[in-house]
Amino acid sequence: MSTTANQKAGIGSVLWDYLTTVDHKKIAILYLIGGMFFFLVGGLQAMLIRIQLIVPENEFLSAQFYNEVLTMHGTTMIFLAAMPLLFALMNAVLPLQIGARDVAFPFVNALGFWLFFFGGIFLNISWFTGGAPDAGWTAYAPLSVFSEGHGVDYYSIGLQIAGFGTLMAGINFLVTVINMRAPGMTYMRMPLFTWTSFIASVLILFAFPALTVGLFLLTFDRLFGANFFNPDMGGNAIIWEHLFWIFGHPEVYILILPAFGVFSEVIPAFAKKRLFGYSSMVFATILIAFLGFMVWAHHMFTVGLGPIANSIFAVATMAIAVPTGIKIFNWLFTLWGGQIRMTSPMVFALGFIPTFTIGGMTGVMLASAAADFQYHDSYFVVAHFHYVIVGGVVLGIFAGLIYWWPKMFGTLLNEKLNHWFFWLFFIGFHLTFFLQHFLGLMGMPRRYWTYLEGQNLDLFNLISTIGAFFMAVGTLVFLYNVVKTQMKGEKVSGDPWDARTLEWSIPSPPPFYNFKQEPLVRGLDPLWIEKMQGNGKIQPAEPLGDIHMPNRSLTPFMISLGLFIAGFGIMYQGGMWVLAGIGFATTLGSMLYRSLKDDIGYHVHKEELEEEGDGSNG
Amino acid sequence: MADHTNSVENSEKHEFYKKKHREQMKHQVVTFVMMIAFTLIAFGLVIAEVSAMFTIPIILVLAAVQVLFQLYYFMHMNEEGHQWPAVMIYSGIFAAVLTILALTTITWW
């Protein structure tokens, strides 16, 4: 277990290392690579959409292919890019922030990643087998039931597999936060990123089952002759919309809350002040989660639920602006009077505040049920959700990646290139989406593959496409920065930002056991307390002793691979049923192997630990 | 001396836990008897062919109380250190009830 053994690892051993890892820091890197790959795929699809809409009556993409690209852009960005990138951040820093040596269930953590990975690959194989899903990312019945070919089957089964992974990751973080906090790390001393990830995990626990049920019904309707969404046979097509949005609305809070958490870490660190209104931030997070469960029908105002239902959901939706407003003001008050350093994560945070506020404001406009009849299914809605998701979640993800990059890889991304990335992306973003508000108000419907000339839509669409190219160039600058920084491999100290929380008190990247001795937490922002009142090092809460670590395992990979193979059998049926047999045998066999084999892990001995320095950030 | 105080403490502790266990046992027996009574009442109402408008709500209420007995007395949710399971169970019930309520009122009714 000495570090020198890993110095000259061949490509094969690195691959084996990552296939079998149960270390949360390596799983974070896997999530990062997987999420980044799908982010680029989704971005490419976005560029195809914008090129198609650059001029009226364009024939760049066929109508059918446009539907597929549009569906896959939404599905990929939400399920396969934003969620895994957030899981990358959670895996990388959440255990470190609470002073834990790993997550509660390292094996389940690996299983969660591989299920996501195979679900995503499954979904994207549809491009090569006769057409991707084409019923929109919301896959409303009855369109999704009658959609020809196997596209929507890839959607329902692929998301089912990926969804299992997400559910497991959520449960894992819940148990980790409840049970694995270091001595002194009370709930009200947890960093805000840990808090928001915790609450997002609660939302995952309660929201994803609705998606699971919905996808099962859709799968059975399409593949096994069920009639859940068929009114002729006593079914009801609206049930899908309800189930989808009972999951789908909490889902957007699952995405945005961790991003809020990132900004709540970045802003205090670079304003050199503790977070203003910490307890109200926690309270607001819980309130958003609570309200998030009773607003789903605001996606369905035009379905015909009746004025009473519409009014209730409209009021509940507007109420969410209150806790969100509390957060915005707390960030502003944290900045007030702080010693602000304009580092790139801070610039992302500062760009986020006005952008997200605009998105929130159009959200309140949309929440007004009567007005929504005008906005519904127009580009106004497209502009709104890109303002909150790109302006909130994506800026949050990049702020977090740049901020925690040293903790994940031990290197610091080039600040100058980060600023270039921010400005290209930020200006491009507003060029692309600000004008779409007006395109919507002028009557341009969303999801249409083209539009007619002479309706005053030409210029704004052209500008919008130009903006998309700015965003693409910005992303390429970031990728170049990553490659350049990792090639150079210049190591930095464990605390390059002079930050406040526990993860910065250990080396970068941390040793595989994270904390040599469990840290003693004396308050909120524990590292800052030690910097101000102590010697700048976290005091240990236990004497140096043996550390219990989990063994690596290929079983999570095999369980997920089995479901991936079984998916094809279920979809194509006939002679392909044999694949379902092989797949489920692999999955169940791997689970049986895991259950019957006693795996009690191993110990890192005290003597080995003593050779490796004091485990502090120096 | 130290040994002596320890043994006194231990016997006190022992007494305390003995008392506690006795109390727990009493609670479990009482709830068990009540649960049997509830089941008999439910069956009795059906056998006696009392109006369905009366029987159905009564059975539902009895069922809910039985679930609470089960959780609190047999699965120890009334003891310390069960706040998180309680929070999670009630949040789950809240989300599920909200869903069912909304679907019954605006879709199925």
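Just so we're clear, the structure is a prediction, and the values are computed from it rather than from any experiment. (Residues numbered from 1 in each chain as written. Chains lettered and ligands numbered in written order. Predicted model: local features only at pLDDT ≥ 70, side-chain atom pairs only at ≥ 80, totals over all residues. Heavy atoms only, no water.)

### Looking at the overall build of chain A
Of regular secondary structure, chain A possesses 20 helices and two strands. For chain A, whose C-alpha radius of gyration is 24 Å, the value lies close to the compact-globule estimate of 25 Å for 618 residues. Burial statistics for chain A: of 618 residues in total, 59% are counted as buried. Here chain A has roughly 23,800 Å² of accessible surface; of this, 69% comes from carbon and sulfur atoms. (Helix = DSSP H or I, 4+ residues; strand = E, 2+ residues; numbered from the N terminus. Rg over C-alpha atoms; globule rule 2.2 N^0.38 Å. Buried < 20%, exposed > 50% of the residue type's maximum accessible area, 1.4 Å probe, protein only. Areas by Shrake-Rupley, 256 points an atom, 1.4 Å probe, with all protein chains shown as cover.)

### Quick notes on the domain arrangement of chain B
Many descriptions give the size of an interface as the accessible area lost when the pieces come together. All names here are of chain B. When the domains of chain B are assigned, the result is domain 1 (2-78) and domain 2 (80-109). Computed over C-alpha atoms, the centres of domain 1 and domain 2 are 24 Å apart. The interface of domain 1 with domain 2 comprises seven residues on the first partner and five residues on the second. Contact between domain 1 and domain 2 buries roughly 410 Å² in total, counting both sides, with carbon and sulfur atoms accounting for 63%. Contact with domain 2 buries area across many residues of domain 1, yet Tyr-72, His-76 and Met-77 alone supply 69% of it, more than any other trio. On the surface where domain 1 and domain 2 come into contact, there are zero salt bridges. Seen at the junction of domain 1 and domain 2, the total is two residue pairs in polar contact (both at pLDDT 80 or more). Of the residues that constitute the side of domain 1 that touches domain 2, the class distribution is five nonpolar, two polar and no charged. (Domains from an automatic or database assignment. Contact = heavy atoms within 4.5 Å. Buried area = accessible area lost by both parts, 1.4 Å probe. Salt bridge = Lys/Arg side-chain N within 4 Å of Asp/Glu carboxyl O. Polar contact = N/O pair within 3.5 Å; in protein donor to acceptor, adjacent residues only side chain to side chain. Nonpolar A, V, L, I, M, F, W, Y, C, P; charged D, E, K, R; others polar.)

### What to know about the interface of chain B and chain A
Across the contact, 13 residues belong to chain B and 18 residues belong to chain A. Between chain B and chain A lies a buried interface of about 1,300 Å² when both sides are counted; carbon and sulfur atoms form 87% of it. Its largest share of buried area at the contact with chain A, chain B owes to Trp-84, Met-88 and Ile-106 of chain B, together 41% of the area lost on that side. Between chain B and chain A we count zero salt bridges in total. Counting across the interface, chain B meets chain A through one residue pair in polar contact (both at pLDDT 80 or more). Of the residues that constitute the side of chain B that touches chain A, the class distribution is nine nonpolar, four polar and no charged.

### Considerations on the environment of Leu-205 of chain A
You can see Leu-205 of chain A is positioned in helix α7 (residues 192-223). On the basis of relative accessible area, Leu-205 of chain A is assigned to the partly exposed category, the value being 23%. In sequence terms Leu-205 of chain A and Val-364 of chain A are 159 residues apart; their C-alpha atoms lie 27 Å from each other. In this structure Leu-205 of chain A touches Leu-167, Ile-171 and Leu-174 of chain A together with Met-88 of chain B, once residues within four positions along its chain are discounted.

### Some remarks on the environment of Ala-349 of chain A
All names here are of chain A. Assignment of secondary structure puts Ala-349 in helix α12 (residues 344-367). Looking at Ala-349, the relative accessible area reads 0%, which means it is buried. Setting aside its immediate chain neighbours within four residues, Ala-349 contacts Phe-263, Val-266 and Ile-267.

### Points about a nonpolar patch on the surface
Residues and elements named next belong to chain A. A surface patch of nonpolar side chains, about 540 Å² in accessible area, is lined by Trp-423, Ile-427, Leu-459, Leu-462, Ile-466 and Phe-470. Sorting the residues of the nonpolar patch by element identifies α15 (415-441) and α16 (458-488) as the ones contributing at least two each. It is α16 that contributes the most residues to the nonpolar patch, four residues altogether. If you trace the backbone, Leu-459 turns up in helix α16. A residue is classified by how much of its surface remains accessible, and Leu-459, at 53% relative accessible area, is exposed. (Patch = residues over 30% accessible without salt bridge, like charges linked within 9 Å, V, L, I, M, F, W, Y side chains within 5 Å.)

### Observations regarding the confidence of the model for chain B
Overall, the prediction assigns chain B a mean pLDDT of 85, with 92% of residues at 70 or greater. When mean pLDDT is taken per element in chain B, helix α2 (residues 52-74) of chain B scores highest with 89 and helix α1 (residues 2-47) of chain B scores lowest with 83. (pLDDT = per-residue confidence, 0-100.)

### Notes on the pattern of salt bridges
Residues and elements named next belong to chain A. Evaluated as defined, the whole model comprises 11 salt bridges over all chains. For Lys-26, the salt bridge identified is with Asp-17, shortest N-O distance 2.9 Å. By relative accessible area, Lys-26 is classed as partly exposed at 23%. Residue classification places Asp-17 among the buried residues on the basis of a relative accessible area of 17%. Residues Lys-531 and Asp-498 are paired through a salt bridge, measuring 2.7 Å at the closest nitrogen-oxygen approach.

### Looking at the nonpolar core
Residue and element names in this part refer to chain A. Tyr-155, Trp-240, Trp-296, Trp-331, Phe-398, Tyr-403 and Phe-478 are the most contacted members of the largest nonpolar core, which totals 183 residues. Among the elements that take part in this core, helix α8 (residues 238-271) stands out by supplying 21 residues, more than any other. Residues contacting Tyr-155, with those up to four places away along its chain left out, are Thr-75, Leu-123, Pro-133, Trp-137, Thr-138, Ala-139, Leu-215, Leu-218, Trp-240 and Phe-244. One finds Leu-53, Tyr-379, Leu-439 and Met-444 within the second-largest nonpolar core, a separate group that totals 12 residues. (Core = buried A, V, L, I, M, F, W, Y, C linked by side-chain atoms within 4.5 Å.)

### Some points on the side chain of Arg-500 of chain A
Residue and element names in this part refer to chain A. Structurally, the position occupied by Arg-500 is in the loop between α16 and α17 (526-533). A polar side-chain atom of Arg-500 sits 2.8 Å from a polar atom in the side chain of Asp-525. Beyond its immediate stretch of four places on either side in the chain, Arg-500 contacts Pro-268, Ala-269, Lys-272, Lys-273, Arg-274, Asp-525, Pro-526, Leu-527 and Trp-528.

### What about the environment of Glu-251 of chain A?
Residue and element names in this part refer to chain A. Counting through the fold element by element, Glu-251 comes out in helix α8. We classify Glu-251 as buried; its relative accessible area is 1%. Considering only alpha carbons, one finds Glu-251 and Ile-11, 240 residues apart in sequence, at a separation of 37 Å.

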